[in-house]
Amino acid sequence: RSDVVSYLDSRQKTIAEVPIVESISESDWIPLTSMRRTIAARMFQSTSTIPSFTAEVEIEMSACSALRKELNGFLKDSKISYNDIFAKCVARAAIDFPLINASFEESGIRVYKSVNIGLAVSLDQGLVVPVVKNIASKSLTEIARENAANIASVRSGKFDPELLESGTFTLS
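Residues numbered from 1 in each chain as written. Predicted model: local features only at pLDDT ≥ 70, side-chain atom pairs only at ≥ 80, totals over all residues. Heavy atoms only, no water.

Caption draft 1: Representation of unusual backbone geometry within the structure. Positive phi, close to 55 degrees, is recorded for Asn134, a residue that is not glycine. Of note, Asn134 is situated in the loop between strand S6 (131-132) and helix H5 (140-156). Taking relative accessible area as the criterion, Asn134 reaches 35% and is therefore assigned partly exposed. (Helix = DSSP H or I, 4+ residues; strand = E, 2+ residues; numbered from the N terminus. Buried < 20%, exposed > 50% of the residue type's maximum accessible area, 1.4 Å probe, protein only.)

Set out below in structure tokens:
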């Protein structure tokens, strides 16, 4: 206990010794576009209602890579990406472990019945997360087509804002 109190006392002295700067530096002002306002609101909402969890795991992907290559060899109008495969795996995991597809609310935990996965897409205007809904019931080809269409849509700048709604899980 005395170690903790001693540390806190020394920390307070260090903070008190920092001089206060009276002047305010110049800055630029960039008005928010409706897209940036929506992005900011959604980011704030997600950070305040959804616990953030990041996992970094090294896995052997040669079988997955071979499967992707084989499947893409049969497809003509779309290609399956690793993100599409990850989305399908997450949907499967959410069926087995429903609490990974949930959000915290003031009075409890909302466990979503549908797995709606957003894929983060970087644009010059900011980050957007278009959503493919009900992924668990879709094939890899359907997921790939929807993700490709969503990405093309948001990159064109002409998309329905509903495309960014109802996500329950995000891949980035």
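Caption draft 2: Seen up close, the nonpolar core. The biggest cluster of nonpolar side chains holds eleven residues, and these are Ala87, Val90, Ala91, Ala94, Val115, Ile117, Leu119, Val132, Ile135, Ile143 and Leu171. If one sorts the elements of this core by residue count, helix H4 (residues 82-96) sits on top with four residues. Here Ile117 is in contact with Ala87, Val90, Ala91, Pro130, Val131, Val132, Ile135, Phe169 and Leu171, once residues within four sequence places are set aside. Counting residues in hydrophobic clusters, the runner-up holds nine residues, among them Ile39, Val128, Val154 and Leu164. (Core = buried A, V, L, I, M, F, W, Y, C linked by side-chain atoms within 4.5 Å. Contact = heavy atoms within 4.5 Å.)

Caption draft 3: Region of interest: the pattern of salt bridges. Under the counting rule described, the total for this entry stands at three salt bridges. Residue Arg145 is joined to Asp77 by a salt bridge in which the shortest nitrogen-to-oxygen separation is 3.1 Å. Within this pair, whereas Arg145 is found in helix H5, its partner Asp77 is found in the loop between helix H3 (62-74) and H4, the two being separated by 68 residues in sequence. Relative accessible area serves as the criterion here: at 39%, Arg145 is assigned to the partly exposed category. Between Glu146 and Lys138 there is a salt bridge, and its shortest N-O distance comes to 2.5 Å. (Salt bridge = Lys/Arg side-chain N within 4 Å of Asp/Glu carboxyl O.)

Caption draft 4: Summary view of the state of the cysteines. Applying the stated rule across the entire model yields zero disulfides. In this structure Cys64 is a free cysteine whose sulfur lies 6.7 Å from that of Cys89, the closest cysteine sulfur available. (Disulfide = S-S within 2.5 Å.)

Caption draft 5: Highlighting the environment of Ser139. Its place among the elements puts Ser139 in the loop between S6 and H5. Linking Ser139 and Lys88, residues 51 residues apart in sequence, is a C-alpha distance of 8.1 Å.

Caption draft 6: The packing of aromatic side chains, seen in detail. Taken as a whole, this structure holds zero aromatic pairs when the rule is applied. Here the basic side chain of Arg68 rests over the ring of Tyr82, its NZ or CZ set 4.5 Å away from the ring centre. (Phe/Tyr/Trp six-rings, centres within 6.5 Å; stacked < 30°, edge-to-face > 60°. Lys NZ or Arg CZ within 6 Å of the ring centre and 35° of its normal.)

Caption draft 7: Expanded view of the packing of H4 against H5. At a closest axis distance of 9 Å, the pairing of H4 and H5 adopts a crossing angle of 120 degrees. Our classification of the angle between H4 and H5 gives oblique. H4 and H5 meet at a crossing whose hand is right-handed. On H5, the residues touching Asp84, Ile85, Ala87 and Lys88 of H4 are Leu140, Ile143, Ala144 and Asn147. The residue makeup of the contact of H4 with H5, split by class, is five nonpolar, one polar and two charged. (Axes fitted to C-alpha atoms, helices over the stretch in contact; angles between N-to-C directions. Parallel < 35°, antiparallel > 145°, perpendicular 65-115°, else oblique. Left-handed = near helix turned anticlockwise from the far one by under 90°. Nonpolar A, V, L, I, M, F, W, Y, C, P; charged D, E, K, R; others polar.)

Caption draft 8: Molecular detail of the pairing of strand S2 (residues 108-111). In this sheet, S2 lies alongside strand S1 (residues 102-105) in antiparallel orientation, the contact comprising four bridges. The residue of S2 that forms the bridge with Ser103 is Arg110. Linkage of S1 to S2, two consecutive antiparallel strands, is achieved through a turn of two residues. (Pairing = 2+ DSSP bridges.)

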